[in-house]
Amino acid sequence: MNHPLILLVEDDPESRNGYAELLERGGFRVTKSASAEDAITAIGQAVPDAIVTDIALPGKDGFVLAQTVREHPQTRHVPLLAMTAYWAADVQDRAQRAGINATLLKPCQPEHLIAELNRVLQQSRDQVSRPELAAYRSTFES
């Protein structure tokens, strides 16, 4: 069985390791980044099947990371799931404008995080055929 590769972007080391362990137990392969800048570098090395990012990151935030992912032809179809501990009235609107597929309030219940991640991955599979996805990945990696 092919286990989806998830890029987890979280600046807090304890949260990053905890969420990574949770995702791995949920059947995912996980790469971790502590910032949007590190995440962009990681994407250049291996395009993930989905990205789970905190919104409040040092330097560029999760909204900027999402916009960067959406602007690149090879990653524009990668599902993005954002997490935030600071829910404000405009968070959902900003997330949608940035191209984020789902936003969760932290701390996330493990089953809810896994369910939302599986949902956005399924949506992505329904929207992008496998040959197109392979073409995006091969173009990005060259």
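Our subject is the structure that appears above.
Asks: Hey, could you run me through the sheet that holds strand E1 (residues 5-9) in this one?
Replies: Strand pairing in a sheet takes place through backbone hydrogen bonds and is either antiparallel or parallel in direction. With parallel pairing, five strands are arranged side by side in an open sheet as E2-E1-E3-E4-E5. Both edges of this open sheet fall to strand E2 (29-33) and strand E5 (102-105), since each of them pairs with a single strand only. Pairwise comparison of adjacent strand axes, ignoring direction, gives a mean angle of 20° for this sheet.

Asks: How do you make sense of the pattern of salt bridges when you look at a structure like this?
Replies: Opposite charge on two side chains allows them to pair when their charged atoms are near. Evaluated as defined, the whole model comprises six salt bridges. For the salt bridge of Lys106 with Asp54, the shortest nitrogen-to-oxygen distance reads 3.3 Å. Of the two residues, Lys106 is situated in the loop between E5 and helix H5 (110-127) and Asp54 in strand E3 (residues 50-54); the sequence distance between them amounts to 52 residues. Between Arg97 and Asp93 there is a salt bridge; the shortest N-O distance is 2.2 Å. Taken together, the residues span about one helical turn, with Arg97 and Asp93 both in helix H4 (residues 91-98) at a distance of four residues. Judged by its relative accessible area of 57%, Arg97 is exposed. With relative accessibility at 40%, the residue Asp93 sits in the partly exposed group.

Asks: Hey, could you run me through helix H3 (residues 62-71) in this one?
Replies: It helps to recall that an α-helix has 3.6 residues per turn; residues three or four apart then point in one direction. Looking only at H3, the buried set comprises Gly62, Phe63, Leu65, Ala66 and Val69. Here the buried residues of H3 occupy an arc of 160° about the axis, which is enough to place them on one side. Residues of H3 that are buried sit in contact with E1, helix H2 (36-45), E3, strand E4 (80-84) and H4. By the N-cap criterion, in which a side-chain oxygen at the helix start approaches the backbone nitrogen of a residue two or three places on, H3 is capped by Asp61, the distance to Phe63 being 3.0 Å.

Asks: When you look at the packing of helix H1 (residues 13-25) against H5 in this model, what are you seeing that I'm missing?
Replies: Think of two packed helices as two axes; the pair is described by the angle between the axes and how far apart they sit. At a minimum axis separation of 10 Å, H1 and H5 run at an interaxial angle of 65°. Like other packed secondary-structure pairs, H1 and H5 cross with a definite hand, here right-handed. Residue-level inspection shows Tyr19, Leu22 and Leu23 of H1 in contact with H5, the latter providing Pro110, Leu113, Ile114 and Leu117. Looking at the contact of H1 with H5 residue by residue, the classes come out as seven nonpolar, no polar and no charged.

Asks: Explain the pairing of E1 here, please?
Replies: Moving residue by residue along a regular strand, the side chains alternate between the two faces of the sheet. Among the five residues that make up E1, five are buried, leaving the element largely enclosed by the rest of the structure. Residues Leu5, Leu7 and Val9 point to one face of E1 and Ile6 and Leu8 to the other, with burial holding for every one of them. With five bridges connecting them, E1 and E2 associate as parallel partners. Residue pairing for E2: Leu8 is matched across the bridge by Lys32. Here E1 pairs with E3 via four bridges, running parallel. Residue pairing across strands places Ile6 opposite Ala50, the latter belonging to E3.

Asks: Looking at this structure, how should I read H4?
Replies: Val91, Ala95 and Ala98 are the residues of H4 that are buried. An end-on view of H4 places all buried positions within 65° of arc, on one side of the element. Relative to its buried face, H4 has exposed residues pointing more than 90 degrees away, namely Gln96 and Arg97. Looking at the buried positions of H4, the neighbouring elements they touch are H3, E4 and E5.

Quick notes on the rules
- Residue positions within a chain follow its written sequence, with the count starting from 1.
- Totals for whole chains, interfaces and linings use all residues, but because this is a predicted model, local features are given only for residues with pLDDT of at least 70 and pairs of side-chain atoms are given and counted only at 80 or more.
- Side-chain metrics rest on all non-hydrogen atoms present in the structure, leaving aside hydrogens and water.
- Paired strands are those between which DSSP finds at least two bridges.
- Where helices and strands are cited, they refer to DSSP runs of H or I of at least four residues and of E of at least two residues respectively, numbered from the N terminus.
- For helices, the axis comes from a line fit to the C-alpha atoms of the stretch in contact; other axes are also lines fit to C-alpha atoms, and the angle between any two N-to-C directions lies between 0 and 180 degrees.
- Definition used for salt bridges: Asp or Glu carboxyl oxygen within 4 Å of a side-chain nitrogen of Lys or Arg.
- The classification of residues rests on relative accessible area computed with a 1.4 Å probe and restricted to protein chains. Under 20% of the type maximum is buried, over 50% is exposed, and intermediate values are partly exposed.
- An arc is given here, and it is the one of the directions from the helix axis to the C-beta atoms.
- By definition in these notes, contact holds between two residues if any of their heavy atoms fall within 4.5 Å.
- Nitrogen and oxygen atoms within 3.5 Å of one another constitute a polar contact, given that in protein one can donate a hydrogen and the other can accept it, and given that sequence-neighbouring residues count only through two side-chain atoms.
- The hand of a helix crossing depends on one turn: near helix anticlockwise from the far one by less than a right angle means left-handed, and clockwise means right-handed.
- Asp, Glu, Lys and Arg are counted as charged, while Ala, Val, Leu, Ile, Met, Phe, Trp, Tyr, Cys and Pro are counted as nonpolar; the rest, among them Gly, fall into the polar class.

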